[in-house]
Amino acid sequence: RAEIRSGMIRQMESVEKSRQKGALAKELLDRTQIDVPESMVEEESRRIVQEIVSDSASRGMTREEIVGRRDDIMNVAGKSSKENIKLEYILDAIAAEEKLAVEDAEVEKAIASLAAQYRTDKENIRQDIEKRGAMERIRRSIRVEKTLDLVLTQARIKIE
């Protein structure tokens, strides 16, 4: 019972922290006016579309169902990509100001986590990431999370 309770508490804390990070990201986006390069938005949009299509296919959607949702997928990807790039610019500026860096050990931990999630060898995941040229994406993701964590620890949270 204690182990189950402890697991549930950790899960609830994780969900709450994710909610707070989402609220913080929304606040940063709402308060910051910044133009982002259209080429980066388009690249991010393509990545999101691929992710949605891949996720939908892995959940059993047929090609026809995915094609039928094409407009919805494109709308979601377009909106999300602009917000993602804008947030990344904002957080990059904060990370640079705070001199936050991503250590190799953090990348290794992320790779190990992915290997555990996909129940495969760490080296297989590393090779796949390198083959797809996604190592920099992992580093950026870690830097974004570290920066959000830092800002969250310094934020004044107002409960309404």
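Residues numbered from 1 in each chain as written. Predicted model: local features only at pLDDT ≥ 70, side-chain atom pairs only at ≥ 80, totals over all residues. Heavy atoms only, no water.

Draft legend 1. Spotlight on the nonpolar core. Residues Leu24, Ala25, Leu28, Leu29, Leu87, Ile90, Leu91, Val144, Leu148, Val151 and Leu152 constitute the largest nonpolar core, which totals 11 residues. Mapped by element, the contributors of at least two residues to this core are helix H1 (2-31), helix H4 (70-98) and helix H7 (135-154). Counting 10 residues, the second-largest nonpolar core is a separate cluster that includes Ile111, Ala115, Ala134 and Ile138. (Core = buried A, V, L, I, M, F, W, Y, C linked by side-chain atoms within 4.5 Å. Buried < 20%, exposed > 50% of the residue type's maximum accessible area, 1.4 Å probe, protein only. Helix = DSSP H or I, 4+ residues; strand = E, 2+ residues; numbered from the N terminus.)

Draft legend 2. Region of interest: helix H2 (residues 38-58). With 21 residues, H2 extends 30 Å from end C-alpha to end C-alpha; this agrees with the ideal 30 Å at 1.5 Å per step. Listing the buried residues of H2 in full gives Val41, Glu44, Ser45, Ile48, Val49, Ile52 and Ser56. Buried residues in H2, looked at end-on, bunch into an arc of 145°, giving them a common side. Residues of H2 that are exposed and point over 90 degrees away from its buried face: Glu43, Arg46, Gln50 and Ser58. (Expected span 1.5 Å × (residues − 1). Arc of directions from axis to C-beta.)

Draft legend 3. Representation of unusual backbone geometry within the structure. One non-glycine residue, Lys99, lies in the positive phi region at around 55°. Its location among the elements puts Lys99 in the loop between H4 and helix H5 (104-117). Backbone geometry at Arg119 places phi at a positive 50°, although glycine is not the residue there. Note on placement: Arg119 falls in the loop between H5 and helix H6 (122-131).

Draft legend 4. Representation of the pattern of salt bridges. Counting across every chain of the model gives 20 salt bridges. Its salt-bridge partner being Asp149, residue Lys21 comes within 2.8 Å of it at the nearest N-O pair. Of this pair, Lys21 sits in helix H1 while Asp149 sits in helix H7, and the two are 128 residues apart along the sequence. By relative accessible area, which is 25% here, Asp149 ends up partly exposed. Ionic pairing is found between Arg143 and Asp92, a salt bridge with its closest N-O pair at 3.7 Å. Of this pair, Arg143 sits in helix H7 while Asp92 sits in helix H4, and the two are 51 residues apart along the sequence. Salt bridges sharing common partners tie together Glu44, Arg47, Glu51, Glu88, Arg137 and Arg140. (Salt bridge = Lys/Arg side-chain N within 4 Å of Asp/Glu carboxyl O.)

The values are spatial; any link to function lies outside them.
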